[in-house]
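Residue strings, one per chain:
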Amino acid sequence: MGLFGKKKEEIKSPSAPVNKVNADDIWNTPVKKKETVSVKESKYDDAREEVVEGVTPVDPEVLKKNMAELDKFVEERDARPAVTYHDFDTDPVHQDEVTKAQEGFEKDYAVSHKAFVESHKEDISVANLEEIDDKLKVMIEEHNNKLHELETMDYDFKTVSDSEVQEKMADLPYALKEEEYEHYKDIKGVTVSQDEVDKLGSIDHSNDPDEIGEVTAEQLAQATDEFEKSRRDKK
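From a predicted model like this one, the values you see are computed outputs, not experimental measurements.

Moving on, we come to the overall build of the protein chain. Of the regular secondary structure elements, the protein chain holds seven helices and two strands. With 235 residues in all, the protein chain has 3% of them scored as buried. Within the protein chain, counting contacts between residues at least 6 apart in sequence, those at least 24 apart form 57% of the total.

In structure tokens:
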């Protein structure tokens with residue numbers, strides 16, 4: 001197992017290309033002179049004139065000197081090696097230290113693994129075949145005894161004769177017939193004369209006000225439309 005076996009990798013930062021500027025190009029650029037321009041703060045103000053100064057001319061020798069120094073600085077910067085975090089490591093790890101640490105780790109792992117295996121071992125004893133046979137015989141005998149006990153169990157059931165059944169059925173309650181009720185009367189056997197019926201009299205309700213108003217055709221059509229609409233909405 002390589003825990004510390006990974007080598008250091010140098011990180012190189014790519015240098016951006018530098019566009020060199022020619023001093024003669026800057027010197028030959030036309031220089032703006034002083035000129036008078038018209039200035040307004042807003043469209044509602046009156047215009048006023050102001051003098052705008054142009055760019056001050058530069059001495060070409062000074063400009064060439066500055067550009068040469070700049071080119072030299074850029075070349076020296078590009079020539080310098082790329083700086084990585086390894087350059088700031090004040091106490092680097094050498095290969096012999098890595099190898100020694102790896103060997104120590106593997107020794108510790110072997111000791112820990114052996115201790116783990118030893119702590120999880122279980123002692124398995126060899127079973128005696130004669131003891132197994134004896135235990136099986138005891139188990140089979142107990143099973144057979146349980147079956148025999150269930151087969152021969154007496155549930156104390158008592159046989160009942162037909163006469164006893166009929167006697168008990170006779171004592172059970174049943175629905176009485178009509179003539180067996182105490183206040184039973186046969187309505188068909190009751191006769192009433194017509195004179196007795198006439199004595200009761202009668203009431204004529206033909207002229208009683210029913211308080212039901214008339215319904216016009218328009219009201220009926222409107223009620224019918226409302227009913228049909230409610231039935232369609234329910235669907």
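Moving on, there is more to tell.
What follows deals with a nonpolar patch on the surface. On the surface, L129, I132, L136, M139 and I140 cluster together to form a nonpolar patch covering roughly 510 Å² of accessible area. For I140, the position within the fold is in helix α4 (residues 129–151). Classification of I140 by relative accessible area gives exposed; the value is 51%.

Our next topic: the pattern of salt bridges. Tallied over the full model, the rule gives three salt bridges. A salt bridge links R77 to D78; the nearest nitrogen and oxygen atoms lie 3.7 Å apart. A residue is classified by how much of its surface remains accessible, and R77, at 37% relative accessible area, is partly exposed. A relative accessible area of 39% means that D78 is categorised as partly exposed. Residue E228 is joined to R231 by a salt bridge in which the shortest nitrogen-to-oxygen separation is 2.6 Å. Of this pair, E228 and R231 both sit in helix α7 (residues 217–234), three residues apart, roughly one helical turn.

For the rest of this paragraph, the subject is the confidence of the model for the protein chain. Taken over all residues, the pLDDT of the protein chain has a mean of 78, while the share at 70 or more is 75%. The element-level mean pLDDT for the protein chain is lowest in helix α1 (residues 23–27), coming to 58, with helix α3 (residues 95–119) highest at 92.

Moving on, we come to a negative patch on the surface. Taken together, the side chains of E130, E131, D133 and D134 present a region of like negative charge at the surface. Its relative accessible area of 43% is what places D133 among the partly exposed residues.

This part covers α4. Here α4 contains 23 residues, and its C-alpha end-to-end distance of 33 Å stays within 8% of the 33 Å for a straight helix at 1.5 Å per residue. With zero of 23 residues buried, α4 lies mostly on the surface of the structure.

With that settled, the discussion passes to the environment of A47. Within the secondary structure, A47 is located in the loop between β1 (35–39) and β2 (48–52). Accessibility expressed as a relative area gives 47% for A47, which makes it partly exposed. Here the alpha-carbon distance between A47 and V37, two residues 10 residues apart in the chain, equals 9.7 Å. A47 has contacts with S38, V39 and K40, leaving out every residue within four places of it along the chain.

How each quantity is defined
Residues numbered from 1 in each chain as written. Predicted model: local features only at pLDDT ≥ 70, side-chain atom pairs only at ≥ 80, totals over all residues. Heavy atoms only, no water. Helix = DSSP H or I, 4+ residues; strand = E, 2+ residues; numbered from the N terminus. Buried < 20%, exposed > 50% of the residue type's maximum accessible area, 1.4 Å probe, protein only. Contact = heavy atoms within 4.5 Å. Patch = residues over 30% accessible without salt bridge, like charges linked within 9 Å, V, L, I, M, F, W, Y side chains within 5 Å. Areas by Shrake-Rupley, 256 points an atom, 1.4 Å probe, with all protein chains shown as cover. Salt bridge = Lys/Arg side-chain N within 4 Å of Asp/Glu carboxyl O. pLDDT = per-residue confidence, 0-100. Lys, Arg positive; Asp, Glu negative; His and termini not counted. Charge placed at Lys NZ, Arg CZ, Asp CG, Glu CD. Expected span 1.5 Å × (residues − 1).

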